[in-house]
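Spelled out from the first residue to the last, the chains are:
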Amino acid sequence: MLVLKFGGTSVGSPDAIEKLTAILGDSEHALKVRVVVVSALSGITDGLIGAANAAVAGESAYNASVKAMEDRHRKISHAFLTGEARQAADAAIKAVFAKLNRALDGVGILRELSPRTLDYVMSFGERLSAELLARIIRSKGISAEYLDARPLILTDSSYGAAQYRAGETYTRIRSYLKKRPALQIATGFIASDAEGHTTTLGRGGSDFSAAIFGAAIGAKTVEIWTDVDGILTADPKLVKNAFRIGSLSYHEAMELSHFGAKVLHPPTVRPALEKGIPILIKNTFNPEGRGTLISDKATPGDFPIRGLSALPKVTLVRVQGSGMVGVAGFSSRLFGALARRGISVILISQASSEYSICFAVAPQDGQAAAASIREEFDREIAAAAIEPPLVEDGLAIIAVVGDNMRHTPGVSGKVFHALGRTGVNVVAIAQGSSEINISAVISAQDVTKALSAVHEAFFRAEVRSVNLFLLGIGLIGGTLLEQIVNHHEILADEYLIRINLVGIANSKRMLFNPKGLVPKKVRALLTGGDPATASPGTEVLPVNLPEFINRMKTFNMPNMAFCDCTASEQVAALYAELLQANIPIVTPNKRANSGPLTYYKTLRTLSKNRGVPYLYETTVGAGLPIISSLRDLALSGDKVRRIEAVLSGTLSFIFNNYDGSKPFSALVRDAKAKGYTEPDPRDDLNAMDAARKVLILARECGMSLEFNAVSIEPLLPPSCFKADGVEAFFTELAKADDDFERRRRAAAAEGKSLRYVAVIEAGSARLSLRAESPDSPFRSLVDSDNMVVITTDRYIKLPLVIKGPGAGAQVTAGGVFADIVRTARTLV
């Protein structure tokens, strides 16, 4: 024998009911189903509650909503029934709604809505759907009867969430069914107490009703038919990569449902567990799907956990004080006081010192819990032996569940590593001795991010992802965008790293889509394209830097990264705020690290203390591994003694090619024409950019230097900087050609060549034009290459040399891209 339960969406429309009746008539169910338990039509229970609240408030609007409910039931009746059957159904519907209206009128007159009355009002939803469905099934040629389950399921008088009495209930059900061989279409959710008053089993209680019927008749299986393919590894509305769980143990199912898995009503498992009856979760709209089987012989999973669930709103109550330490019976008094108030405790966490204890309750119970504690411990609080209870709202619980967690080392570490890396603060922790549940209390606003991070850590550990926000699509940012477009599929397919571009902005517009922007489309949209061409869910807004930063925070996604491809001091000034929000930063912008020393140290400290990546390899040497090499040397215990470097691609090109064949000013013109300089070459020849790079390297070596401590030998005479415009500058520069030529000839006479070199040593940093001998490594430079020569305790005789292109959009963007990928490796 089988017991089937169909939820509100499974009976909520004619199409759904067609699928339901097809399931009852298929080969797996025909002649095998003994009882079908049904919920109210989708939305009806909420409608009934709304009508009752309107009635008690003296509002007449409930009349229209009740009329709409009646019309909906009649419309479904007419979709299946004709002739006398339709007339009989219409009469029955009219009679039931007449009773409902009388009940609501009474509520309105008395202006009172007791829990008992509300249970009675809510019962109309299941009574209407079950009776109507019985008529429809009979019209299909199946012998079926309507069963009002209230006289059969006996409960206590805890209206709203009544507890059933198994022995008497099972006896009544068996006795009733013994006399009625037809298929029974039974009301879910509703029952009655010893006085015959209507009670309800709690929201979602139709599942519970089905399990009770199954346990009573010893069913082979209880099937729960809903609108999803089974129990998933997480709520798919919160975790987009959630997938179906094939099988669960009873205990796993109870833990998941207790902490918010919405497919199954939490008490449902208990009757099935006691009788050893499997529960099968199936999808009415995909009956061929395998669903989820809950039993005592669950198939071992491939992962250490089965799934995640969450209670999105809880309140935490804390009690602490020295008067708790070593006092026998304290916990008994505490939880006894709560029990007397009828307050259910969801989670408990206690310090091993016994100095403090906290517990989670439903938000509506928080203040009542605190009041009961103050009443119970009034003398201890007055004597300052314990502190007054502290109530903290705005919290949530996430639960990680799985039988495989038992005796498996490393699961807890992986959970909290995932939460920590994504910036989720854990307020309290609980784990039962059974080791199949780890629960954490967190901020309610972090639920989605926390679930996604832990889900990815366990179920997609081989896939690493970054939710990227990109600011600036100039030369570097635009090239980076092209590289993402060209390489993101290869990165995902071959290296299992997914770059999800969530937000992007230039100087005019900003785009956001939490599900991911289409990289190929964003440039056109940013430069004035029609927003209607954007992918679904994309917002196209005028650029606003504070709002861009705010969006990153409010999106609150796991594995986020912010990439700053601007040269803006205003953006760099926001880095600390982002790191404090646990958002990793990738940047080629030198402004932050070459600004005030205190700010540089603040950023490094925030990154270190919070474990949030702050990556800026490309601020010096473009894609060359200079900063990472310095860090590796320090981590391995080496000591940097001296750094010599050519750090300007512009100056490298000019002096690498300054052989006297053309004047210095003409060579600068060539460099400008080839794109090696800024539009105004003075922005390169003033050596400010090179000085910022020198300062960054000096600070990476542990030197506490400000920018004004970097000694810069001027290359140009003051008249060049005073010139009005680029052409006037070149005129002034030509006047200095003879001076440059004299210096070149003097160096050449000694077999040397000029190079503009940075030197960092003994706590100082300087930049100067030097004459380099033939054996100097800087003589090997070509074109616009950079070079860094690092002398350390280990590299004393033969320094470490890093050489290559130190500028250019492709290599710089490639270095930024590599840092973005590095955040994926760091965050997972």
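The model shown is predicted, which means the values in this text are computed figures rather than measured ones.

1. Quick look at the sheet that holds strand 16 (residues 437–443)
Then, number 1: Strands sit in the order 12-13-11-14-16-15 across an open sheet of six strands; the sheet is antiparallel. At either margin of the open sheet sits one strand with a lone partner, and together these are strand 12 (347–350) and strand 15 (426–431). Averaged over all neighbouring strand pairs, the angle between strand axes comes to 30 degrees, with direction disregarded.
Then, number 2: Helix-sheet contacts for helix 8 (residues 250–258) involve strand 11 (307–320), strand 14 (390–401) and strand 16, and the interaxial angle to strand 11 is about 65 degrees.

2. Some details on the packing of aromatic side chains
Then, number 1: Taken as a whole and assessed by the stated rule, the structure comprises 21 aromatic pairs.
Then, number 2: Ring geometry for F729 versus F730: centroids 5.0 Å apart, planes at 50 degrees, classification tilted. Taken individually, F729 and F730 each receive the classification buried, so the pair is uniform in this respect.
Then, number 3: Members of the aromatic cluster, joined through ring pairs, are F469, F512, F548, F555 and F562.
Then, number 4: Against the face of F124 rests R127, its NZ or CZ located 4.1 Å from the ring centre.
Then, number 5: Over the ring of F458 we find K414; its NZ or CZ atom is 5.2 Å from the centre of that ring.

3. Digging into helix 5 (residues 115–139)
Then, number 1: Taking 1.5 Å of rise per residue, 25 residues should cover 36 Å, and helix 5 covers 37 Å from first to last C-alpha, within 8% of that figure.
Then, number 2: Backbone geometry just after helix 5 places G141 at a positive phi near 90 degrees.

4. Considerations on the sheet that holds strand 8 (residues 247–249)
Then, number 1: Read across the sheet, eight strands follow the order 3-4-2-1-7-9-10-8 without closing on themselves; strand pairing throughout is mixed. Both outer strands of the open sheet, strand 3 (144–147) and strand 8, are each paired with one neighbouring strand and no more. Strand-to-strand twist of the sheet, defined as the mean angle between neighbouring strand axes without regard to direction, takes the value 20 degrees.
Then, number 2: With three bridges joining them, strand 9 (residues 279–283) and strand 10 (residues 292–295) adopt antiparallel strand pairing. When the bridges of strand 10 are listed, I281 appears paired with T292.
Then, number 3: This element, helix 5, spans strand 2 (33–38), strand 3 and strand 4 (183–187) of the sheet and lies at about 175 degrees to strand 3.

5. What about the pairing of strand 2?
Two faces, one strand: in a regular strand the side chains alternate between the faces of the sheet.
Then, number 1: Counting buried positions along strand 2 gives six out of six residues, so the element sits mostly inside the fold.
Then, number 2: Judged from the five bridges that link them, strand 1 (residues 2–6) and strand 2 form a sheet pairing that is parallel. Paired with K5 across the bridge in strand 2 is V37.
Then, number 3: Considered for its hand, the β-α-β crossover made up of strand 1, helix 1 (residues 14–25) and strand 2 is right-handed.
Then, number 4: Pairing between strand 2 and strand 4: four bridges, direction parallel. Bridge pairing in strand 4 places V38 opposite T187.

Each value, and the rule that gives it
Residues numbered from 1 in each chain as written. Predicted model: local features only at pLDDT ≥ 70, side-chain atom pairs only at ≥ 80, totals over all residues. Heavy atoms only, no water. Pairing = 2+ DSSP bridges. Helix = DSSP H or I, 4+ residues; strand = E, 2+ residues; numbered from the N terminus. Axes fitted to C-alpha atoms, helices over the stretch in contact; angles between N-to-C directions. Contact = heavy atoms within 4.5 Å. Phe/Tyr/Trp six-rings, centres within 6.5 Å; stacked < 30°, edge-to-face > 60°. Buried < 20%, exposed > 50% of the residue type's maximum accessible area, 1.4 Å probe, protein only. Lys NZ or Arg CZ within 6 Å of the ring centre and 35° of its normal. Expected span 1.5 Å × (residues − 1). Right-handed = clockwise from strand over helix to strand, strands pointing away.

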